[in-house]
Amino acid sequence: QPVRGHDGASLRHLAARPACITTFLPGVWPRRVRPAHCAPLGTALAQLHLAGTGYAPTRANALGPASWAPLLARSGARADEVQPGLATELASALDRIVATWPGNLPHGHIHADLFPDNVFFLDGRLSGLIDFYFAATDLLAYDLAVCLNAWCFEPDFSFNVTSARALLAAYDAVRHLSDAERAALPVLCQG
C-alpha cells in the first residue's frame, strides 16, 4: 500500500519521475519455477486483466511489436557476436511474426513483464505482483504469452506442458480465453 507523508500525500516526484514509498510485500520470487506456481499465476493474471476493465487511461506497450524493429536495428550489428547468423534469423522471424500479428483480440491493461522475479509467494501461495513499470494497454493474450515463455520452460529450454496447462486452465477459469485468443497464442509467444 502507498505510504502517506505527514502532509497526507503519497505521490511525490523523485528524479523528475512520479514515486511513492510503499509498505513491504511479504514473500519471495521462485528461484526454481515449478508447475505448482503456474496455476496461482494464471489466476492472478486473469484477475489483473478483469480488474483493469473499465479503466479509461491507456498506455502504448513499449515492449510490443512497434518496438521490435527499432530494437533490432540498434542491436542487430552485435547479434552475430551472440551466435553467428542470429541477426539474419531475428530479422526473418520479425518479418514473419509482425505479418501474422493479430489485431482483433481483446485489449486491456497488461503487466507486460510478469517474469518470476515479479511474482511473490509466501507459504506456498501467491502473495503479490510487483514491478508495473512496463504495464500497458495491449492484447490480453499477449500478457499470457509472456508468462508462458517466462514460466513454462525448463533450464534445458524444454517446454513444460504441465506448467503451461496449469497456467492456461487457471487463467481460463477466471477469464475465459476465446478460440481466437487460443489460436493466436503461438504467434504471440513467438513475439
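To be clear, the structure that these remarks concern was listed above.
Since the structure is predicted, the reported quantities are computational estimates derived from the model, not experimental observations. (Residues numbered from 1 in each chain as written. Predicted model: local features only at pLDDT ≥ 70, side-chain atom pairs only at ≥ 80, totals over all residues. Heavy atoms only, no water.)

J.: Requested: an account of the overall build of the chain, with residues and values cited.
T.: Within the chain, the secondary structure is distributed over six helices and six strands. Helices and strands appear in the chain in the N-to-C order β-β-α-α-α-β-β-β-β-α-α-α. Its C-alpha atoms put the chain at 55 × 40 × 35 Å along the principal axes. On the chain, roughly 11400 Å² of surface is accessible, and the fraction owed to carbon and sulfur atoms is 61%. One finds the centroid of the 14 positive side-chain charges in the chain at a distance of 6 Å from the centroid of its 16 negative side-chain charges. (Helix = DSSP H or I, 4+ residues; strand = E, 2+ residues; numbered from the N terminus. Areas by Shrake-Rupley, 256 points an atom, 1.4 Å probe, with all protein chains shown as cover. Lys, Arg positive; Asp, Glu negative; His and termini not counted. Charge placed at Lys NZ, Arg CZ, Asp CG, Glu CD.)

J.: Help me get a handle on the layout of surface pockets, residues and values and all.
T.: Approximately 680 Å³ is the volume found for the largest pocket. Trp 68, Leu 90, Cys 189, Gln 190 and Gly 191 are, among the 21 residues lining the largest pocket, the residues nearest its centre. Those elements giving two or more residues to the lining of the largest pocket turn out to be helix H2 (65-82), helix H3 (86-99), helix H4 (140-151) and helix H6 (179-190). Per-element tally for the lining of the largest pocket: the top contributor is H4, with five residues. (1 Å grid on protein atoms, 1.4 Å probe; cavity = no way out; pocket = protein on both sides within 12 Å on 5 of 7 lines; lining within 4 Å. Points joined across faces, edges and corners; volume = space filled by probe spheres on them.)

J.: Explain the packing of H4 against H6 to me, using residue names and the numbers behind them.
T.: Contact geometry of H4 with H6 gives a least axis separation of 9 Å together with a crossing angle of 55 degrees. Overall, the two elements H4 and H6 adopt an arrangement that is oblique. As for the relative orientation of H4 and H6, their crossing is right-handed in sense. Contacts between H4 and H6 pair Leu 140, Ala 141, Tyr 142, Ala 145, Leu 148 and Asn 149 from the former with Glu 181, Leu 185, Leu 188 and Cys 189 from the latter. A per-class count over the contact of H4 with H6 returns eight nonpolar, one polar and one charged. (Axes fitted to C-alpha atoms, helices over the stretch in contact; angles between N-to-C directions. Parallel < 35°, antiparallel > 145°, perpendicular 65-115°, else oblique. Left-handed = near helix turned anticlockwise from the far one by under 90°. Contact = heavy atoms within 4.5 Å. Nonpolar A, V, L, I, M, F, W, Y, C, P; charged D, E, K, R; others polar.)

J.: Tell me about the packing of H4 against helix H5 (residues 161-174), and please be specific about residues and values.
T.: With their axes 10 Å apart at the nearest point, H4 and H5 run at an angle of 155 degrees to one another. The angle between the axes of H4 and H5 places the two elements in the roughly antiparallel class. In this structure, the crossing between H4 and H5 has a hand that is right-handed. Contact with H4, carried on its side by Leu 140, Leu 144, Cys 147, Leu 148 and Trp 151, involves Ser 163, Ala 164, Leu 167, Leu 168 and Tyr 171 of H5 and no other residues of that element. The class makeup of the residues in the contact of H4 with H5 is nine nonpolar, one polar and no charged.

J.: A description of the pairing of strand E4 (residues 119-122) should follow, citing residues and the corresponding values.
T.: Here E4 pairs with strand E5 (residues 125-129) via four bridges, running antiparallel. Each residue of the ladder has a partner; that of Phe 121, found in E5, is Leu 126. (Pairing = 2+ DSSP bridges.)

Function cannot be read off these values alone, since they describe shape.
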